Amino acid sequence: MSDVAARVKKVIVKQLNVKAEEVTPDASIRNDLGADDIDVTELIMALGDEFGTEIPDEESEQMTKVGTIVKYFDKYLDSVDA
């Protein structure tokens, strides 16, 4: 597991109060992990804090699965490091 994936997983487990083994790349934030609108908003804010960025609304709307979130932050960190 990459550092980014581990960090995303840690935030999801804490924010959504789910078991770590439930947080898989294919897990849907809403359907599999049970997040409602408020949970999703708080999760996006916590992820932004974890990675030191503000996530635009159009990007956050695409973050429906754990794997999508990991890909977003992999790409974000690559662009920051470049």
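Everything here concerns the structure above.
Let's talk about helix 1 (residues 3-16)
Owing to its 3.6 residues per turn, the α-helix aligns residues three or four sequence positions apart on the same side. Taking 1.5 Å per residue as the helical rise, helix 1 with its 14 residues ought to reach 20 Å, and the 20 Å between its terminal C-alpha atoms agrees with that figure. The set of residues buried in helix 1 consists of Val4, Ala5, Val8, Val11, Ile12 and Leu16. Considered in projection along helix 1, the buried side chains sweep an arc of 130° and stay on one side of the axis. Of the residues in helix 1, the exposed ones pointing more than 90 degrees away from the buried face are Asp3, Lys10 and Lys14. Here the buried face of helix 1 lies against helix 2 (37-51) and helix 4 (66-81). Following helix 1 by one or two positions, asparagine 17 has its phi on the positive side, about 55°.

Reading the values: rules and limits
Residues numbered from 1 in each chain as written. Predicted model: local features only at pLDDT ≥ 70, side-chain atom pairs only at ≥ 80, totals over all residues. Heavy atoms only, no water. Helix = DSSP H or I, 4+ residues; strand = E, 2+ residues; numbered from the N terminus. Expected span 1.5 Å × (residues − 1). Buried < 20%, exposed > 50% of the residue type's maximum accessible area, 1.4 Å probe, protein only. Arc of directions from axis to C-beta. Contact = heavy atoms within 4.5 Å.

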